[in-house]
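# Working through the structure, step by step
If you want the building blocks of each chain, they are given just below.
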Amino acid sequence: MFTGLPFELVFPADQKFLEPLPEEADVEHGATFIENAAAKARYFARRSGLVTVAEDSGLEVDAL
């Protein structure tokens with residue numbers, strides 16, 4: 001799907017981000033999926049120094 005793009009995709013595991021830092025627990029504090037995705041993108045962009053895209057599709061359950 002990403003073959004031939006003019007940039008290289010890297011993932012947190014590629015950047016040795018397997019071990020979360022303590023401050024990572026506070027990243028998702030937004031009221032919406034969009035706010036959380038933006039917060040994650042900003043956090044990992046600062047941590048990696050790379051242009052970053054993040055998502056927060058979340059899971060919504062009306063009833064169990």
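Residues numbered from 1 in each chain as written. Predicted model: local features only at pLDDT ≥ 70, side-chain atom pairs only at ≥ 80, totals over all residues. Heavy atoms only, no water.

Moving on: the overall build of the protein chain. Along the protein chain, the regular secondary structure elements total 1 helix and 0 strands. For a compact globule of 64 residues, the expected C-alpha radius of gyration is about 11 Å, and the protein chain comes in at 14 Å, more than 25% above that figure. In terms of overall dimensions, the protein chain has a C-alpha envelope of 45 × 30 × 20 Å along the principal axes. Within the protein chain, buried positions represent 16% of all 64 residues. Counted over contacts in the protein chain with a minimum sequence separation of 6, partners at least 24 positions apart contribute 31%. (Helix = DSSP H or I, 4+ residues; strand = E, 2+ residues; numbered from the N terminus. Rg over C-alpha atoms; globule rule 2.2 N^0.38 Å. Buried < 20%, exposed > 50% of the residue type's maximum accessible area, 1.4 Å probe, protein only. Contact = heavy atoms within 4.5 Å.)

Further remarks concern the side chain of Lys40. Mapped onto the secondary structure, Lys40 falls in helix H1 (residues 33–48). Discounting chain neighbours no more than four positions away, the residues touching Lys40 are Val27, Glu28, Ala54, Glu55 and Asp56.

This brings us to the pattern of salt bridges. Under the definition given, this model contains 2 salt bridges. Across the pair Glu28 and Lys40 runs a salt bridge whose closest N-O atoms are separated by 3.7 Å. Placement of Glu28 in the segment before H1 and of Lys40 in helix H1 is noted, with a sequence separation of 12 residues between them. Judged by its relative accessible area of 45%, Glu28 falls in the partly exposed class. (Salt bridge = Lys/Arg side-chain N within 4 Å of Asp/Glu carboxyl O.)

Turning our eyes to something else, we now look at the packing of aromatic side chains. For the coordinates displayed, the defined rule picks out 1 aromatic pair. For the pair Tyr43 and Phe44, a centre-to-centre distance of 4.9 Å together with 85 degrees between the ring planes defines the contact as edge-to-face. One exposure class covers both Tyr43 and Phe44, and it is buried. (Phe/Tyr/Trp six-rings, centres within 6.5 Å; stacked < 30°, edge-to-face > 60°.)

Right, let's get into the side chain of Asp56. By the secondary structure assignment, Asp56 is in the segment after H1. Judged by its relative accessible area of 12%, Asp56 is buried. Of the polar contacts made by the side chain of Asp56, one reaches the side chain of Asn36; its length is 3.4 Å. Engagement of the side chain of Asp56 in a polar contact is seen with the side chain of Lys40, the distance being 3.2 Å. Among all residues touching Asp56, those that are not within four sequence positions of it are Glu28, Phe33, Asn36, Ala37 and Lys40. (Polar contact = N/O pair within 3.5 Å; in protein donor to acceptor, adjacent residues only side chain to side chain.)

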